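Given next are the chains, with one letter for each unit.
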Amino acid sequence: MPRTTDVIIQLTVNNHPGVMSNITGLFTRRAFNLEGILCGRLEDTKTSKMYLLVNNDNRINQIIKQLEKLYDVLEVSICTNCDYEVFDNIHQLIQGK
Amino acid sequence: MKCSGGEIIIRLLEEQGIDKIAGIPGGANLPMYHALAKSDKIQHILARHEQGAGFIAQGIARTTGKAAVCFATSGPGVMNLLTAIADAKLDSIPLVAITGQIPSSLVGTDAFQEVDTCGLAIPITKHNFFVSSAKELFHILPEAFRVAEEGRPGPVIIDIPKDVQLEEIEIDIWPAKDRNNERSIDIYMNNDKAIASLEDIDQLAEMINGSKKPLLYIGGGILQSNSHKLLYDFAKKNSIPVASTLMGLGCFPSNDPLYLGMLGMHGAPYTNLILNETDLLIAFGVRFDDRATGKIAEFCPKASIIHVDIDPAELDKNKSTNFSLAADIRLVLDELILSIEENQREGWIKEITAIKEDYPFPMKKKEDAYHPLNLIKSIGSMVEDDTIITTDVGQHQMWVAQAYPFQKPRTLLTSGGLGTMGFGLPTAIGAALANPDKKVICVSGDGSILMNLQELATLADLNLNITIIILNNGVLGMVRQLQELFFQETYISTKFVTNPDFASIAKNFGIKGYDFKNNQEPEGTLQKILSLSEPCVINIPIDSSENVMPTVPPGAANHQMIGGKKYA
């Protein structure tokens, strides 16, 4: 269920060292908020999938356009059918509840 | 055939058509230099500081439109290069920086001269590559050039550990050159994404034809896409006045009646006031930078906005548009020019002429020969219009932008985005290397020139046709001006306690030096010196209380500029 306060951006990226810092570096440099990251390698490929939890504000289009410009980012989309509870579960893990 | 990584790098650079590389050798890039020693196609320019090498490469890239190459060693070599790389990023200059890295086995151990080059590169490059084996070079090197030149150009760093440069691999047949990587200024002509649809063109034409007071706001995208001629025909056909950003100067002839000069913080009063009246702002190859727009909410308040830029992320970034298009401006203009009507726009032109007359640019009286605006204007009248002007950053830079009569694209090389003092001299060296038939003039200040003064030694080595003009006011003039206007005349650390004798410094580097200290006839002497074609430094004292006017106060809208009327 999508929520109005947050959005999950779904990325397909080249799987090699440095990709994660390229992406998080973009968020730092452009002063975008990044609330959570999930990342894992796609089996039998050289790519990974990343899910970024970000605030749903008027900068979302700019974030997506900037992500699309990154060399190792192959696909970017807003995930409409993602289960936001995944991030909630992680939240619980982090908080030790 | 056995080839080392270093040999592969040099041969691939030769295949890219590179004939000059600026750099400094060091421990971690020695194998590349060893291979370079055997190249008869590439000339190495030994700079005296890696930042100088980066800007020399920029001088080549900014005048040719093609990616230029610089070399640096690991650690401090990389660190010194970074400012020139960041500068290239903000002005969209194609650069391929190849840096040596300590051997792979030592990476991560805080070894001697180790820094995380790729980590440092992330926020200031278009992309960075770390090479982990010699065979990867065949893919990465051409790819780096493609990335640097394609779409919106920018810098790329390739970091190569020393062991990869030394690694020998067996090559049966040298891989054929990838046709898709053929280098040309038209490289993004093949990019499907950069083409506009017919519907887009129709909509643009309809908006322009239907507007009463259209105005073109042009920038560096015009020269990057090589579309200045088309732009001229386009503006003329529909009688659309043209305001330019700092980066766009030279893309529209400054003596044309439709030309409005530079807009923004130090634009002419009439330019910023005419922008207030337009009903359709046609923004081509610009990024709505704060120095150009002033307070963005009050920029062109009566206008609908059309924005065309090759970088989709620039559209609707700072200012919402009515119609935007991520496309190559040349391809758009090619079509659009057929769809717009011929129109004299007599009413609009009359209104513009009236505003121009009522709010002129505050030029000083001609008799004041040492006023920087008059000096720059007279330099402009003495040299050919293909003369390349480089500037440093500060007051002199804005005076050049305001008063120099630019006629052709790529004749002004200036650090627009990053505003790097020390840019002018090394960039002039690169420009002169790439344009041996042209004169290059570096206009600098006594603050800026000292920031990369060591490159006078490089200039002496190469004996290029570069005239360095130092407008010497004994202060960090632009900062002093800000302290005067906005910090209640509290001057701190802007006046130099001592001031070196620049003419003597030049002579001691082996370059001619002139001092205008006691010269009553600066114009005559300038004319004589500029007619020569040898490197020289001219020190010209100017009044330290002179300000760049008009100016838009921080946070204010462009029409709230100060210092326009006072000087008129």
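Conventions adopted
- Residues numbered from 1 in each chain as written.
- Chains lettered and ligands numbered in written order.
- Predicted model: local features only at pLDDT ≥ 70, side-chain atom pairs only at ≥ 80, totals over all residues.
- Heavy atoms only, no water.
- Pairing = 2+ DSSP bridges.
- Helix = DSSP H or I, 4+ residues; strand = E, 2+ residues; numbered from the N terminus.
- Axes fitted to C-alpha atoms, helices over the stretch in contact; angles between N-to-C directions.
- Contact = heavy atoms within 4.5 Å.
- Salt bridge = Lys/Arg side-chain N within 4 Å of Asp/Glu carboxyl O.
- Nonpolar A, V, L, I, M, F, W, Y, C, P; charged D, E, K, R; others polar.
- UniProt positions renumbered as here; feature names shortened; annotations may be inferred.
- Disulfide = S-S within 2.5 Å.
- Buried < 20%, exposed > 50% of the residue type's maximum accessible area, 1.4 Å probe, protein only.
- Core = buried A, V, L, I, M, F, W, Y, C linked by side-chain atoms within 4.5 Å.
- Domains from an automatic or database assignment.

### A closer look at the sheet that holds strand 3 (residues 47–55) of chain A
Residues and elements named next belong to chain A.
1) Next: Strand order across the open sheet formed by 4 strands is 2-3-1-4, with antiparallel pairing between neighbours. The sheet terminates laterally at strand 2 (36–41) and strand 4 (73–78), the two strands that pair on one side only. Pairs of neighbouring strands in the sheet enclose a mean axial angle of 15°, with direction left out of account.
2) Next: Here 6 bridges tie strand 2 to strand 3, and the two strands are oriented antiparallel to one another. Each residue of the ladder has a partner; that of Arg 41, found in strand 3, is Ser 48.

### Observations regarding the interface of chain A and chain B
Put simply, an interface is often sized by how much accessible area is lost when its parts join up.
1) Next: Taken together, the contacts link 10 residues of chain A with 15 residues of chain B.
2) Next: For the interface between chain A and chain B, the tally reads 1 salt bridge.
3) Next: For the side of chain A that touches chain B, the leading source of residues is helix 2 (residues 60–69) of chain A, giving 4 residues.
4) Next: For the side of chain A that touches chain B, the per-class residue count stands at 1 nonpolar, 4 polar and 5 charged.

### Concerning the UniProt feature "domain: Thiamine pyrophosphate enzyme TPP-binding" (unreviewed entry) in chain B
1) Next: UniProt's entry tags residues 392–540 of chain B with the feature "domain: Thiamine pyrophosphate enzyme TPP-binding" (unreviewed entry), counted in the numbering of this structure.
2) Next: Helix and strand shares over residues 392–540 of chain B are 37% and 16% respectively, and the end C-alpha atoms of the span are 15 Å apart.

### Considering the sheet that holds strand 12 (residues 280–284) of chain B
All names here are of chain B.
1) Next: The 6 strands lie next to each other as 11-10-9-12-13-14, forming an open sheet whose pairing is parallel. For this open sheet the edge positions go to strand 11 (259–262) and strand 14 (323–326), each flanked by a neighbour on one side alone. Averaged over all adjacent pairs, the angle separating strand axes in this sheet is 15°, with direction ignored.
2) Next: Relative to strand 13 (residues 304–309), strand 12 runs parallel, the two sharing 5 bridges. By the bridge assignment for strand 13, Ile 282 is matched with Ile 306.
3) Next: The strands touched by helix 10 (residues 228–238) within the sheet are strand 9 (214–218), strand 10 (242–244) and strand 12, with strand 9 carrying the most contacts at an inclination of about 165°.

### Focus on the state of the cysteines
Residue and element names in this part refer to chain A.
1) Next: Using the criterion set out here, one finds 1 disulfide over all chains in the structure.
2) Next: Here Cys 79 pairs with Cys 82 through a disulfide, and the sulfurs are 1.9 Å apart. Taking the sign of the S-S torsion, 95° for the link of Cys 79 and Cys 82, the bridge is right-handed. Neither residue differs from the other here; Cys 79 and Cys 82 are each classed as buried.

### Comments concerning the environment of Gly 510 of chain B
1) Next: The residue Gly 510 of chain B is located in the loop between helix 20 (502–509) and strand 19 (512–515) in this model.
2) Next: Linking Gly 510 of chain B and Leu 459 of chain B, residues 51 residues apart in sequence, is a C-alpha distance of 9.3 Å.

### A short note on the nonpolar core
Residue and element names in this part refer to chain B.
1) Next: Counting residues in hydrophobic clusters, the biggest one holds 91 residues, and the most contacted among them are Leu 216, Phe 234, Leu 281, Phe 284 and Leu 336.
2) Next: Lining this core are residues from two domains, each supplying at least three of them: domain 2 (198–358) and domain 3 (372–541).
3) Next: The residues contacting Phe 234, other than those within four sequence positions of it, are Ile 208, Leu 216, Ile 240, Phe 284, Leu 333, Leu 336, Ile 337 and Ile 340.
4) Next: The next biggest cluster of nonpolar side chains, apart from the first, holds 35 residues, and it includes Cys 3, Ile 18, Val 156 and Ile 160.

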